[in-house]
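# Observations on the three-dimensional arrangement
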Amino acid sequence: QVQLVESGGGLVQAGDSLRLSCAASGRTFSSYAMAWFRQAPGKEREIVAAISPSGGRTYYAGSLQGRFTISRDNAKNTVYLQMNSLKPEDTANYYCAARIGDYDVWRYEYKTWGQGTQVSVSS
């Protein structure tokens, strides 16, 4: 089982960009689909993006496609989330998650989670 550590969050202004990273331990990273979720205070945790184990297929929440890009480097055991044109409503704690096999958009399908990294966007 992999362990996940996110980094790259911070406080930015609207319109800025951030790149989140999620580093995974273990030798089987390429067997895992990876996903980014986010949770704002008082709201449900929601999927942001997901990527297949090979990186060949991706999924984005409809409202985020075009601004966010998920990618992975299996040689570095790392998944990334590039976030452009950030908006105040993107403010949330961002989590990466892993599951064996193909990705899923349902958070309960993911058993392995990182601790989260906070993204705050000021207007």
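See above for the structure.
This text gives an overview of the structure that appears in the document.

## Section: the pairing of strand 1 (residues 4-7)
Of the two faces of strand 1, only the one carrying Leu 4 and Glu 6 is buried; Val 5 and Ser 7 on the other face are not. Here strand 1 runs beside strand 3 (residues 18-24); their pairing, made up of four bridges, is antiparallel. Bridge assignment links Leu 4 to a residue of strand 3, and that residue is Ala 24.

## What to know about the sheet that holds strand 7 (residues 68-73)
Taken in spatial order, the four strands make up an open sheet running 1-3-8-7, and their pairing is antiparallel. Edge strands, defined here as strands with exactly one partner in the open sheet, are strand 1 and strand 7. Sheet twist, expressed as the mean angle between neighbouring strand axes with direction ignored, is 15 degrees. Pairing between strand 3 and strand 8 (residues 78-83): six bridges, direction antiparallel. By the bridge assignment for strand 8, Arg 19 is matched with Gln 82.

## So, the nonpolar core
Core analysis: the biggest nonpolar cluster contains 30 residues, and Met 34, Trp 36, Leu 81, Met 83 and Tyr 94 have the highest contact counts within it. Contributing elements (two or more residues each) for this core: strand 3, strand 4 (32-39), strand 5 (46-51), strand 7, strand 8, strand 9 (92-100) and strand 11 (117-122). Ignoring anything within four residues of it in the chain, the contact list for Met 83 reads Asp 16, Ser 17, Leu 18, Leu 20, Arg 67, Phe 68, Tyr 94 and Val 119. By size, the runner-up hydrophobic cluster in this structure holds eight residues, among which are Ala 35, Ala 50, Tyr 103 and Tyr 110.

## A short note on a nonpolar patch on the surface
Judged by side-chain polarity, Val 105, Trp 106 and Tyr 108 come together as a nonpolar surface patch covering roughly 330 Å² of accessible area. Examined against the element boundaries, Trp 106 turns out to sit in the loop between strand 9 and strand 10 (112-113). For Trp 106, a relative accessible area of 47% puts it in the partly exposed group.

## So, the state of the cysteines
On inspection of all chains with the given rule, the structure shows one disulfide. Cys 22 shares a disulfide with Cys 96; S-S distance 1.9 Å. One disulfide, between Cys 22 and Cys 96, carries an S-S torsion of 45 degrees and so falls in the right-handed class. Placement of Cys 22 in strand 3 and of Cys 96 in strand 9 is noted, with a sequence separation of 74 residues between them. For the pair Cys 22 and Cys 96, a shared accessibility class is recorded, and that class is buried.

Reading the values: rules and limits
- Residues numbered from 1 in each chain as written.
- Predicted model: local features only at pLDDT ≥ 70, side-chain atom pairs only at ≥ 80, totals over all residues.
- Heavy atoms only, no water.
- Buried < 20%, exposed > 50% of the residue type's maximum accessible area, 1.4 Å probe, protein only.
- Helix = DSSP H or I, 4+ residues; strand = E, 2+ residues; numbered from the N terminus.
- Pairing = 2+ DSSP bridges.
- Axes fitted to C-alpha atoms, helices over the stretch in contact; angles between N-to-C directions.
- Core = buried A, V, L, I, M, F, W, Y, C linked by side-chain atoms within 4.5 Å.
- Contact = heavy atoms within 4.5 Å.
- Patch = residues over 30% accessible without salt bridge, like charges linked within 9 Å, V, L, I, M, F, W, Y side chains within 5 Å.
- Areas by Shrake-Rupley, 256 points an atom, 1.4 Å probe, with all protein chains shown as cover.
- Salt bridge = Lys/Arg side-chain N within 4 Å of Asp/Glu carboxyl O.
- Disulfide = S-S within 2.5 Å.

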